[in-house]
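As a plain string of letters, each chain reads:
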Amino acid sequence: VTFLADVVDWFTDGAHWRGPDGIPTLTRNHLQVSFAALAVAAAIAAPIGTVLGHRGRGGVVAINLANLFRAVPTYALLVLAVQLTGISAPSGFGWTGSFQAFLALGALGIPPILANSYLSIREVGPELTDAARGMGMRERDVLWRVELPNAIALQLTGLRTAMVAIVATATLASFTGYPTLALPIARGLAVGDDVRVFAGATLVALLAVAVDGLLAAAGRRVIPKPLRHRPARLARAA
Amino acid sequence: VVLRGLVDAASPVAANGPGSWLWWEWIPDHADAIRANLVEHIVLTGWSVLFGVVIAAPLAVLARRRRATRGALVAVANVLYTLPSVAVLGILFPIFGLERRTAVIALTAYTLAILVRAMLDGLDSVAPEVLDAADGMGYSRGARLFRVELPLAAPAILTGIRQATVSTIGLVTVTFIVSQGGLGRFIAESYRRDFRTPLTVATVLSFALAVAADLMLVFVGRIALPWKRVERP
């Protein structure tokens, strides 16, 4: 009980809500690098996956790539990015929060988005695309007006899967030089401060659940109404 | 030798010295540490997947009896999947300390998230007419589960186990924050010391371990489940 009271005290201490190591700044850093990485990963992977899916080619490569990538330790990826880019970030990348963390997180986000994009288009049944072609639609219209609207639920699943991994790995950036919301965990562990570690862990857990919930809610709004009854299954298909 | 040439060519710093990506002399000098960390990596993965299977199996079987329980179990599994391991480790640390059990519990939570879903999906994939046939032949509920449902669900469950194993092998490195980490210890060392060889060694070994474990599980599947070729995930 004393422990939980200490945790509450930690949260109500105004000093933990101010300055460069304050909870608001850390949250902003965490979200900034995560969303920057997700946006760039999606901009690269979603179009490629979609076109591959439309052509029905290269899917085996995309899916195997995603599976293989799961075997790469995310922590190694972060340290690798730190080693590759040295200490200073190139100018013009201030919006990423931390260029090194951004590189690692972006790379991490590409395979699940690529695989889910590909699968999302492949899952649209031939009865729909054949009918569209039979009606005289051009290939671009088949893609834009038939395949993509039907595929959007799965496309979003890919984004969510990628974001779960990105937000989780962004916590590790606190251990490799970029202060994210896990900074209290890193600092607390270094000095054996149970309360700080626990408080930081609670914050990170809440953030992860909140971001995932946000993407899920946003996803439901984007899906065309007639298709909303379909559950967004095939999660983590790749 | 070819690999060595490639690595040296890719190295922007000294061809083969302490500053390169892979300093070969470091490896024999640290053979004991490499072996110890690799073993720790395998042990952490092994316990976590084992506990995951042992806990997820009864939960999945029980949850299927009632819709509400099932929904609750899936919801819990989804939250577990969303939680970053660093957060789970941080929540467990005040209770369990810088010990192996902290790492195993956190990793088990993660394998559970994957395995519960895989087991439910596997059991769902058994066709209802097969179940009707089993009932008609007079199978008891338990016999039907063990002799009909589980064998038919096994390939999907194995796919889940493969996924859980490969993901866990990558995730073990994170447990360095509670003074565990297997090969992750080398990665932490690389970051702190600005010395790249341990990072390269840990990444390559961890990746190789994941691929080897996956192939081994496929092989086990071929032998243990001869009635159906194991599906790719």
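About the cut-offs
- Residues numbered from 1 in each chain as written.
- Chains lettered and ligands numbered in written order.
- Predicted model: local features only at pLDDT ≥ 70, side-chain atom pairs only at ≥ 80, totals over all residues.
- Heavy atoms only, no water.
- Helix = DSSP H or I, 4+ residues; strand = E, 2+ residues; numbered from the N terminus.
- Contact = heavy atoms within 4.5 Å.
- Lys, Arg positive; Asp, Glu negative; His and termini not counted.
- Charge placed at Lys NZ, Arg CZ, Asp CG, Glu CD.
- Buried < 20%, exposed > 50% of the residue type's maximum accessible area, 1.4 Å probe, protein only.
- Areas by Shrake-Rupley, 256 points an atom, 1.4 Å probe, with all protein chains shown as cover.
- Buried area = accessible area lost by both parts, 1.4 Å probe.
- Polar contact = N/O pair within 3.5 Å; in protein donor to acceptor, adjacent residues only side chain to side chain.
- Nonpolar A, V, L, I, M, F, W, Y, C, P; charged D, E, K, R; others polar.
- 1 Å grid on protein atoms, 1.4 Å probe; cavity = no way out; pocket = protein on both sides within 12 Å on 5 of 7 lines; lining within 4 Å.
- Points joined across faces, edges and corners; volume = space filled by probe spheres on them.
- Axes fitted to C-alpha atoms, helices over the stretch in contact; angles between N-to-C directions.
- Parallel < 35°, antiparallel > 145°, perpendicular 65-115°, else oblique.
- Left-handed = near helix turned anticlockwise from the far one by under 90°.
- pLDDT = per-residue confidence, 0-100.
- Phe/Tyr/Trp six-rings, centres within 6.5 Å; stacked < 30°, edge-to-face > 60°.
- Salt bridge = Lys/Arg side-chain N within 4 Å of Asp/Glu carboxyl O.

Here's the deal with the overall build of chain A
In terms of helices and strands, chain A carries 9 helices and 0 strands. When the helices and strands of chain A are listed from N to C terminus, the series reads α-α-α-α-α-α-α-α-α. Considering only residue pairs separated by 6 or more positions, chain A has 75% of its internal contacts joining residues 24 or more positions apart. Counting 20 positive and 13 negative side-chain charges, chain A places the averaged centre of each group 10 Å from the other.

A few points about the overall build of chain B
The number of helices and strands found in chain B is 10 helices and 0 strands. Put simply, chain B runs from its N terminus to its C terminus through helices and strands in the order α-α-α-α-α-α-α-α-α-α. When the backbone C-alpha atoms are referred to their principal axes, chain B occupies close to 75 × 45 × 25 Å. Of all 233 residues assigned to chain B, the portion counted as buried reaches 50%. A separation of at least 24 residues holds for 72% of the contacts in chain B among residues at least 6 apart in sequence. Carbon together with sulfur atoms contributes 66% to the accessible area of chain B, which is approximately 11,200 Å² in total.

What about unusual backbone geometry?
Even without being glycine, Ser179 of chain B reaches a positive phi, approximately 65°. Secondary-structure assignment places Ser179 of chain B in the loop between α8 (141–171) and α9 (184–193).

Description of the interface of chain B and chain A
Listed by partner, the interface residues are 41 residues for chain B and 40 residues for chain A. Counting each side, the surface lost to burial between chain B and chain A is near 3,600 Å², with a carbon and sulfur contribution of 69%. Among the residues of chain B in contact with chain A, Tyr81, Thr82 and Tyr191 of chain B are the three that bury the most area, contributing 16% of the side total. Counting across the interface, chain B meets chain A through 4 residue pairs in polar contact (both at pLDDT 80 or more). Contributions of two or more residues to the side of chain B that touches chain A are made by α4 (67–82), α5 (85–96), α6 (100–124), α8, α9 and α10 (197–224) of chain B. Considering only residue class, the side of chain B that touches chain A consists of 26 nonpolar, 10 polar and 5 charged.

Quick notes on empty space enclosed by the protein
Under the criterion given, the structure shown has 3 cavities of 30 Å³ or more. Of the pockets and cavities examined, the largest cavity occupies roughly 580 Å³. Along the walls of the largest cavity sit 32 residues, with Arg70, Thr74 and Ala165 of chain A together with Tyr81 and Tyr110 of chain B positioned nearest its centre. Elements with a contribution of two residues or more to the lining of the largest cavity: α3 (59–69), α5 (99–122) and α7 (139–172) of chain A together with α4, α5, α6 and α8 of chain B. A per-element tally of the lining of the largest cavity places α7 of chain A first, with 7 residues. For the lining of the largest cavity, the residue count by class is 20 nonpolar, 10 polar and 2 charged.

Quick look at α9 of chain B
Gly184, Phe186, Ile187, Ala188, Glu189 and Ser190 of chain B are the residues of α9 of chain B that are buried. In this structure, the buried side of α9 of chain B is in contact with α4 (74–85) of chain A together with α2 (26–29), α3 (31–63) and α10 of chain B. Phi for Asp194 of chain B, located one or two positions after α9 of chain B, is positive at around 60°.

Points about the packing of helix α1 (residues 2–12) of chain A against helix α9 (residues 194–222) of chain A
Between two packed helices, both the angle of their axes relative to each other and the distance between the axes serve to describe the pair. Residues and elements named next belong to chain A. At a closest axis distance of 9 Å, the pairing of α1 and α9 adopts a crossing angle of 65°. Between α1 and α9, the crossing angle belongs to the class labelled roughly perpendicular. Here the hand of the crossing between α1 and α9 comes out right-handed. Of the residues in α9, those touching α1 at Phe3, Leu4, Asp6, Val7, Trp10 and Phe11 are Asp194, Val195, Arg196, Phe198, Ala199, Thr202 and Leu203. Residues belonging to the contact of α1 with α9 are distributed by class as follows: 9 nonpolar, 1 polar and 3 charged.

Notes on the side chain of Ser85 of chain B
For Ser85 of chain B, the position within the fold is in helix α5. If we skip the residues at most four places from it in the chain, Ser85 of chain B touches Leu171 and Val174 of chain B.

Considerations on the confidence of the model for chain B
On average, chain B scores 88 in pLDDT, and the residues at 70 or more come to 91%. Among the scores for the predicted complex, ipTM is 0.87 and pTM is 0.87.

Description of the environment of Ala41 of chain A
All names here are of chain A. In this fold, Ala41 is placed in helix α2 (residues 23–55). In sequence terms Ala41 and Ile152 are 111 residues apart; their C-alpha atoms lie 17 Å from each other. Not counting the four nearest positions on each side in its chain, Ala41 is found in contact with Ala46, Gly106, Gly109, Ile110 and Ile113.

Notes on the packing of aromatic side chains
Within this structure, the stated rule accounts for 11 aromatic pairs over all chains. Ring plane angle 75° and centroid distance 5.7 Å describe the contact between Phe175 of chain A and Phe176 of chain B, whose orientation is recorded as edge-to-face. One end of the pair, Phe175 of chain A, is in the loop between α7 and α8 (183–191); the other, Phe176 of chain B, is in the loop between α8 and α9, on a second chain. This pair shows no difference in class: Phe175 of chain A is buried, exactly as Phe176 of chain B is.

Observations regarding the pattern of salt bridges
Evaluation of the coordinates by the stated rule reveals 13 salt bridges over all chains. Asp21 of chain A is the salt-bridge partner of Arg187 of chain A, the closest N and O atoms lying 3.0 Å from each other. Of this pair, Arg187 of chain A sits in helix α8 while Asp21 of chain A sits in the loop between α1 and α2, and the two are 166 residues apart along the sequence. Its relative accessible area of 40% is what places Asp21 of chain A among the partly exposed residues. In the salt-bridge network here, residues are joined through shared partners; they are Arg64, Arg70, Asp124, Asp135, Arg144 and Glu149 of chain B.

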